[in-house]
Amino acid sequence: MARTLQLTLSAQPKRAAVRQDGLEAVRQEVTERLVAAAYARGLAEGTQAALDGGVRLVELAMNQLEQARNRAEQNLPREVIELSVEIADQLLRSRLADDAYDIERIVRSALAGGGNERGLCVVHLHPSDLAQLEGVKFREDTSFVPHSGLARGTVHVETKRGLLVRDPIEALEQIREALLEGLV
């Protein structure tokens, strides 16, 4: 049995068609359009959420990178000092091991540290350093004593004023400490 449907429109239709396939087909088409629109809306919202999340992750990564850069900048002077002193230490130890240093100049520098009126003094040196000074002239009031407990390149000068120590490794450590104190 065919049913007649009467419609009253509030405005003239822009596009109208008479369908012969029935109400179920129209319902199916409307449902498909609604599903497609919901899918498109969901896809757009999901894409926007993913983009927003990506932006947040990039911002977080940028903040972490900035913090790491700041820490590196703060630590850089200390690391430069430590690395420089370590390099100097390795070079110094290598030169000492290879006898590539001027023990006479080191001794004369140590003696000069005692002042012109130092009087009698005794210079303690590693035996191999003392052997290098054989034949070198110093003041008459300067005597030399081998001391196997001293590192090569180290000079101890005993005077009436006290003991003057020239230890290159110790001096390097003092330089490192002074540089690090200057950072504070």
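Above this text is the structure in question.
All values reported here derive from a predicted model rather than from experimental measurement. (Residues numbered from 1 in each chain as written. Predicted model: local features only at pLDDT ≥ 70, side-chain atom pairs only at ≥ 80, totals over all residues. Heavy atoms only, no water.)

Caption draft 1: A look at a nonpolar patch on the surface. A surface patch of nonpolar side chains, amounting to about 390 Å² of accessible area, comprises Leu5, Leu7 and Leu9. The residue Leu5 is located in the segment before α1 (23-97) in this model. For Leu5, a relative accessible area of 71% corresponds to the exposed category. (Patch = residues over 30% accessible without salt bridge, like charges linked within 9 Å, V, L, I, M, F, W, Y side chains within 5 Å. Areas by Shrake-Rupley, 256 points an atom, 1.4 Å probe, with all protein chains shown as cover. Salt bridge = Lys/Arg side-chain N within 4 Å of Asp/Glu carboxyl O. Helix = DSSP H or I, 4+ residues; strand = E, 2+ residues; numbered from the N terminus. Buried < 20%, exposed > 50% of the residue type's maximum accessible area, 1.4 Å probe, protein only.)

Caption draft 2: Molecular detail of the pattern of salt bridges. All told, the structure shown has 9 salt bridges when counted by the stated rule. With a shortest N-O distance of 3.0 Å, Glu104 and Arg108 are connected by a salt bridge. Here the residue Glu104 and the residue Arg108 both occupy positions in helix α2 (residues 103-113), the gap between them amounting to 4 residues, near one helical turn. You can call Glu104 partly exposed: its relative accessible area is 30%. Connected via shared salt-bridge partners are Glu66, Arg69 and Glu73.

Caption draft 3: Inspection of helix α4 (residues 168-183) at higher detail. With 16 residues, α4 ought to run about 22 Å at 1.5 Å a step, and its terminal C-alpha atoms sit 23 Å apart, in line with that. Among the residues of α4, Leu172, Arg176 and Leu180 are the ones counted as buried. Looking down the long axis of α4, one finds its buried residues gathered within 70° of arc, a one-sided arrangement. Set apart from the buried face of α4 by more than 90 degrees, the exposed residues are Glu181 and Gly182. Those residues of α4 hidden inside the fold are in contact with α1. With a side-chain oxygen lying 3.1 Å from the backbone nitrogen of Ile169, the N-terminal cap of α4 falls on Asp167. (Expected span 1.5 Å × (residues − 1). Arc of directions from axis to C-beta. Contact = heavy atoms within 4.5 Å. Polar contact = N/O pair within 3.5 Å; in protein donor to acceptor, adjacent residues only side chain to side chain.)

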